[in-house]
Amino acid sequence: EADIYQTPRYLVIGTGKKITLECSQTMGHDKMYWYQQDPGMELHLIHYSYGVNSTEKGDLSSESTVSRIRTEHFPLTLESARPSHTSQYLCRAAAGGRLTHSDEQFFGPGTRLTVL
Amino acid sequence: AQKVTQAQTEISVVEKEDVTLDCVYETRDTTYYLFWYKQPPSGELVFLIRRNSFDEQNEISGRYSWNFQKSTSSFNFTITASQVVDSAVYFCALSEARVPLLETSGSRLTFGEGTQLTVNP
């Protein structure tokens, strides 16, 4: 069972608000990722981290920022939310190192963000 | 650059029918991993399978089976005797693995566009 959590699950906010989407994992995995998914569409990588103090931008340009101060947390922040940020945000954690049979791909349950 | 194509945007079947979801990929890597995920209406992604590029054996898990054809760069997914609970969006994904002995499947994933499967009673 995956031990990766995202809060909040649903968020409706007004334009201009600052928000932080939380992602936490208890598996001790080094690699963490944020994906953005519009309804009915494919997932796009917006940020990733290969360990503490490591963050990189993904394939899709995003106005959000991330931090990785601790292995278990990978929060995503929008300084000033806009309607164009309305989407689902999915967090993923994966192990680094040698492949094992139990090395599954864990995604969090997602945060559905609506910006009015 | 990597690319995953799921040409079938939507598929609708009647319960108990077999259904195959197509996935075609492009990569310059000789070592890579392929995945299938299920996304029910609740939105979470459910891991179904991972295959590495070295292993072309087909796999069966209950009503699910996967056909990996490296020669045609395809990794198709078949559901046998479909059920209403199979209704979901299914994503095929590809990740690189440049150093096979050291790198895990924890690399970046490139997703296909997804196929919406509806199984009607």
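Our structure is the block above this text.
As the structure is a computational prediction, the values presented were derived from the model and not from experiment.

Enumeration according to the criterion identifies 20 aromatic pairs over all chains in this entry. When the centroid spacing of 6.1 Å and the interplanar angle of 70 degrees are considered together, the rings of A:Phe107 and B:Phe111 count as edge-to-face. Of this pair, A:Phe107 sits in strand 10 (residues 106-107) while B:Phe111 is found in strand 11 (residues 109-111), placing the two residues in two different chains. Assigned by exposure class, A:Phe107 and B:Phe111 land together as buried. In this arrangement the basic side chain of A:Lys31 is found over the ring face of A:Tyr50, its NZ or CZ atom lying 4.9 Å from the centre. For the cation-ring pair, A:Arg92 lies above A:Tyr33, with the distance from its terminal atom to the ring centre recorded as 4.2 Å.

The next subject is the environment of B:Ser42. Within the fold, B:Ser42 resides in the loop between strand 5 (32-39) and strand 6 (46-52). In sequence terms B:Ser42 and B:Ala88 are 46 residues apart; their C-alpha atoms lie 9.5 Å from each other.

Looking at the secondary structure, you find A:Gln88 in strand 9 (residues 87-94). A polar contact is formed between the side chain of A:Gln88 and the backbone oxygen of B:Gly43, at a distance of 3.3 Å.

Let us now look at the sheet that holds strand 8 (residues 76-78) of chain A. All names here are of chain A. Across the sheet, 4 strands lie side by side as 1-3-8-7; this open sheet has antiparallel pairing. Edge positions in the sheet fall to strand 1 (4-7) and strand 7 (65-66), since each of these pairs with one other strand and no more. Judged from the 2 bridges that link them, strand 7 and strand 8 form a sheet pairing that is antiparallel. By the bridge assignment for strand 8, Thr 65 is matched with Thr 77.

Cut-offs used in this document
- Residues numbered from 1 in each chain as written.
- Chains lettered and ligands numbered in written order.
- Predicted model: local features only at pLDDT ≥ 70, side-chain atom pairs only at ≥ 80, totals over all residues.
- Heavy atoms only, no water.
- Phe/Tyr/Trp six-rings, centres within 6.5 Å; stacked < 30°, edge-to-face > 60°.
- Helix = DSSP H or I, 4+ residues; strand = E, 2+ residues; numbered from the N terminus.
- Buried < 20%, exposed > 50% of the residue type's maximum accessible area, 1.4 Å probe, protein only.
- Lys NZ or Arg CZ within 6 Å of the ring centre and 35° of its normal.
- Polar contact = N/O pair within 3.5 Å; in protein donor to acceptor, adjacent residues only side chain to side chain.
- Pairing = 2+ DSSP bridges.

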